[in-house]
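Results of the structural survey
Here is how the chains run, residue by residue.
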Amino acid sequence: MQTTPQQRIDELTGRGWWGERTLLDMFDDAAAASPDHPALIDQFNRSEFTDGDALRLTFREVDDAAARLATTLHAGGIRQDDIVVVQLPNIAELPVLYLALARLGAIISPVPIQYGPFELEKAREVLDPAAFISLSNFKGKNFAADHSSAFADGCSLFAFGNDIAGGFTALSLTEGPTSSSEYASYANDIDISANDILSICWTSGTTGQPKGVPRSHNMWMASGRGAHDVADMRDGEAILNPFPMVNMAAIGGFLFPWLMRGATLVLHHPLDLPVFLKQIELEKIAYTIAPPAVLNMLLKKRELLDSIDMSSLRAIGSGSAPLSEWMVAEWQNAFGIAILNVFGSNEGICLASDQHDLPDPADRARYFPRFGVEGYAWRNRAGAENLTRLVD
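Summarised in this report is the structure supplied together with it.

Quick look at the packing of aromatic side chains
Scanning the entire structure with this criterion turns up ten aromatic pairs. Here the aromatic rings of Phe27 and Phe59 are separated by 6.0 Å at their centres, their planes lie at 45°, and the arrangement is tilted. A residue pair is termed long-range when its members are at least 10 positions apart, and Phe27 in helix H2 (residues 23-33) and Phe59 in helix H3 (residues 59-75) qualify at 32 residues. Judged by its relative accessible area of 1%, Phe27 is buried. Since its relative accessible area comes to 0%, Phe59 is described here as buried. For the pair Trp331 and Phe335, a centre-to-centre distance of 5.4 Å together with 45° between the ring planes defines the contact as tilted. You can see Trp331 and its partner Phe335 sitting in helix H13 (residues 325-335), four residues apart, about one turn around the helix. Given a relative accessible area of 1%, Trp331 falls into the buried group.

Quick look at the pattern of salt bridges
Following the criterion strictly, the structure yields 17 salt bridges and no others. Among the ionic pairs, Arg302 bridges to Glu330, the shortest N-O distance being 2.6 Å. Here Arg302 is found in helix H12 (residues 302-306), whereas its partner Glu330 is found in helix H13, with 28 residues between them in sequence. Look at the salt bridges and you will find they share partners, linking Arg8, Glu11 and Arg15 into a network.

Comments concerning the sheet that holds strand S13 (residues 315-318)
Taken in spatial order, the eight strands make up an open sheet running S2-S1-S11-S10-S12-S13-S14-S15, and their pairing is mixed. Only two strands of the sheet have a single partner each, and these edge strands are strand S2 (56-58) and strand S15 (350-353). Pairwise comparison of adjacent strand axes, ignoring direction, gives a mean angle of 20° for this sheet. Examined bridge by bridge, strand S14 (residues 338-344) and S15 share four bridges and lie antiparallel to one another. Of the residues in S15, the one forming a bridge with Gly344 is Cys350.

Criteria and thresholds
Residues numbered from 1 in each chain as written. Predicted model: local features only at pLDDT ≥ 70, side-chain atom pairs only at ≥ 80, totals over all residues. Heavy atoms only, no water. Phe/Tyr/Trp six-rings, centres within 6.5 Å; stacked < 30°, edge-to-face > 60°. Helix = DSSP H or I, 4+ residues; strand = E, 2+ residues; numbered from the N terminus. Buried < 20%, exposed > 50% of the residue type's maximum accessible area, 1.4 Å probe, protein only. Salt bridge = Lys/Arg side-chain N within 4 Å of Asp/Glu carboxyl O. Pairing = 2+ DSSP bridges. Axes fitted to C-alpha atoms, helices over the stretch in contact; angles between N-to-C directions.

Structural data, given as structure tokens:
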């Protein structure tokens, strides 16, 4: 499925802003380059809120897990352009599902874990999905069974977990075949374009009913480059994602940059602050993201910061609310950690102030670079790929 007019595709491709690489191409390159490098790491206390021990998967193991899910989903009838609603917390299964569904040419519509039957019914009315995927245990609740009533007859049901309800097909990252003759034949024949829709994410609903936003591989690639550049990401380093992988902050900010750099993606389910801080220390995190209120609070509770080793942490992205000049300056001056001002939306815009384009902390807290200004080159590639204007 493609929703971008061909004229627009041709224009952006001609400028060199869009290309032919997909999420799968980036993953295949990362897995080929460093198959045994740690790829996905669950938070260490995963078993406290869902089934299964915390997973630590290499790129080779993620490759096998994605193939296993794709094989099971194909056997369950999922095909190219099918829309699949997914409701999972930030556990390893979620990014692997992005890869598995992309291999099938299907479209993932990830929904917040907070959605209940009412919100899911609205999503079903808009999307007419082919399948719903959830889990059988999240904080003691069987999300899969409790929310299946939102999906009409003919919608396939899949679930992760130990107690799979009737009518659901079990999914597993570690058990089951990694291929079948039918799936292999399908995968060999399918043609996936970077202009195909990869996801339909949902707006927050601040202006009314949440709206589904279709975005292609190329659209996400553009956002990913902007996030990659603002964080100054480096090959193989560990990055910590505490934001739900259902929207711009986590998909453009972490999922795509993760594969661009063959990095280690460490997952956190929002937001357990002691666990989050311990992950920074244990996993030697180089980059993460946190709301301004959390960063302000940590500076006022130095005992929390003094209790962990943050020597690996180079930068923290922040956004969703104005940044305090004091906060940005204090993190930089006291800890040598750059606070990066980021703004993004599911609809696609990406603005970012980093320590290279705006080295002064006060400027970085208050302003974004004026991307697209003729004759001026920002370090962040998003500066060349976005046009901005101020409107009174």
